[in-house]
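# Structure assessment
Listed below, chain by chain, are the residues.
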Amino acid sequence: MRALTGVDDCYVEEAAKFCTGRRMISLRPAVLAVSAAACAVAMFFLAQYTGIFKSATGQISTVSSETASESVPDYLDFSGSPIEEVDSMDEAAKITGFTMTAPQTVEPYSNSLISVRFGDTIAITYFDSDSSLGLEVLKASGSSDISGDYTDYKVTRTVTVAGKSVILRGNDNSWSVAAWTAGGFTYAVNAQNRPLTTDEISGLIEAVG
Amino acid sequence: MMDDESIIELFFARSEDAITESKSSYGRLLCTIAVNILHSTEDAQECENDTYFHAWNTIPPQRPDSLCSFLARITRNLSLDMYDRRNAVKRGQGSTGLLTDELEECIPDRTDTECSAVEESAESELLTGLINTFLGTLRRDSRVIFMRRYWFGDSVADVAANTGYSVSKVKMSLKRSRDELRSYLGKEGFRL
């Protein structure tokens with residue numbers, strides 16, 4: 001355990017801030033319906049446990065459990081999430097102050113989802129019909145690398161796509177990460193799950209702004 | 001939330017707002033790390049507060065490149081120290097013991113051997129360097145899963161929840177990473 005404490009800062013930060021948006025992808029109607037049903041059942045049992053019942057006189061009274069549950073301190077309340085799913089780019093723009101253009105779908109992924117991360121980054125996640133994560137495109141203000149990927153790839157190459165200088169990183173003639181800046185914004189494409197060819201990634205970059 | 005550079009400037013200006021802002025940005029993360037190791041909210045809070053105290057005493061002169069990692073590292077060390085003190089007799093207790101058991105498949109615990117403190121320190125530094133190199137070879141998802149489990153101390157279920165991956169993928173990824181790390185350390189001549 002101790003030997004791990006000294007690992008590079010970038011790996012600690014990468015893991016601390018990693019978010020794929022997959023949690024949002026998984027909150028689809030079927031799952032929500034099941035969750036709602038589970039909540040209803042839980043509420044029923046909670047009512048039983050706290051002893052909400054009608055007394056013999058017909059008055060409703062409560063008996064609180066002898067075992068008081070410990071309230072969760074604020075700093076352990078993880079109900080918030082750094083990812084906020086939005087329904088449209090307009091909503092994303094209201095939060096971040098800027099908008100992003102990108103394709104609605106990217107072959108072979110038939111679905112996409114827009115989210116805002118940490119209040120300052122727009123992300124479009126492309127995924128399969130079975131919710132498998134495909135790739136994501138990110139945009140934020142500034143010039144730093146927002147890919148969040150610190151992998152030591154075998155190949156790093158700089159190419160020009162639509163007048164933009166793009167840094168590609170990957171292995172064996174396919175690209176897992178692309179990063180570039182334009183007009184005061186920084187962009188990234190993460191395709192680690194299915195790396196892209198040069199043509200594929202160039203086509204995507206041309207369509208993003 | 002204030003950016004890291006501004007928070008660090010508050011430390012340099014000896015403004016106590018540095019603590020408030022650090023807590024606002026990273027308090028939750030630091031407590032997650034401490035709770036994962038110590039399994040006690042009271043102890044976790046103590047470690048979190050001690051983290052800010054240590055940060056106050058070291059910034060300046062230190063100017064961390066990553067405030068997140070800097071604070072997280074302090075919390076991790078403090079939590080491990082507290083865990084060791086409270087479990088000196090009962091080793092292997094609780095899920096922190098499970099974490100240690102899993103890691104010992106690939107990184108043996110040298111604390112029970114008869115190495116001198118100097119030898120242990122040199123070996124630890126060498127090991128950290130090798131682990132850093134190894135982590136750079138992993139795919140991002142495998143590396144994040146590995147770090148969340150063994151650095152942050154998340155349970156397998158929490159790793160799955162935090163990353164959006166399934167529990168089975170997390171378990172398989174961890175097993176593969178441990179096997180690869182053991183093989184890598186062996187090839188590098190590290191004594192296992």
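Since we're looking at a predicted model, the values are computed, not measured. (Residues numbered from 1 in each chain as written. Chains lettered and ligands numbered in written order. Predicted model: local features only at pLDDT ≥ 70, side-chain atom pairs only at ≥ 80, totals over all residues.)

Another aspect to go through is unusual backbone geometry. Of the consecutive residues E107(A) and P108(A), the connecting peptide bond is found in the cis state with omega at 5 degrees. Considering the arrangement of structural elements, one finds P108(A) in the loop between helix 5 (89-96) and strand 4 (111-117). Along the chain, P60(B) connects to P61(B) via a cis peptide bond; the corresponding omega equals 10 degrees. Here P61(B) lies in the loop between helix 3 (41-58) and helix 4 (67-86). Positive phi outside glycine occurs at A162(A), with the angle close to 50 degrees. With respect to the helices, strands and loops of the structure, A162(A) is situated in the loop between strand 7 (155-161) and strand 8 (164-171). (Helix = DSSP H or I, 4+ residues; strand = E, 2+ residues; numbered from the N terminus.)

Next up on the list: the environment of F185(A). All names here are of chain A. Locating F185 in the fold gives a position in strand 10 (residues 185-190). Of the residues examined, F185 has 17 C-beta atoms within 10 Å and is grouped as partly exposed. Through-space distance from the C-alpha of F185 to that of S141 is 4.4 Å; in sequence the pair is 44 residues apart. Ignoring sequence-local partners within four residues, the contact set of F185 consists of K139, A140 and S141. (Buried ≥ 20, exposed ≤ 12 C-beta atoms within 10 Å, placed from the backbone. Contact = placed C-beta atoms within 7 Å.)

The next subject is the pairing of strand 5 (residues 121-127) of chain A. Residue and element names in this part refer to chain A. Taking burial as the measure, the 7 residues of strand 5 include 7 buried ones, the bulk of the element. Every second residue of strand 5 is oriented toward a common face, with T121, A123, T125 and F127 on one face and I122, I124 and Y126 on the other, all of them buried. By the bridge criterion, 7 bridges tie strand 4 to strand 5 in an arrangement that is antiparallel. In the sheet register, S112 faces strand 5, and the bridge partner there is Y126. Once strand 4 ends, the chain turns through 3 residues before running back antiparallel as strand 5, passing F118 with a positive phi of about 55 degrees. Relative to strand 6 (residues 133-141), strand 5 runs antiparallel, the two being bridged by 7 bridges. For Y126, the partnering residue across the bridge sits in strand 6 and is L135. (Pairing = 2+ DSSP bridges.)

Without other data, these values stay purely geometric and don't point to any function.
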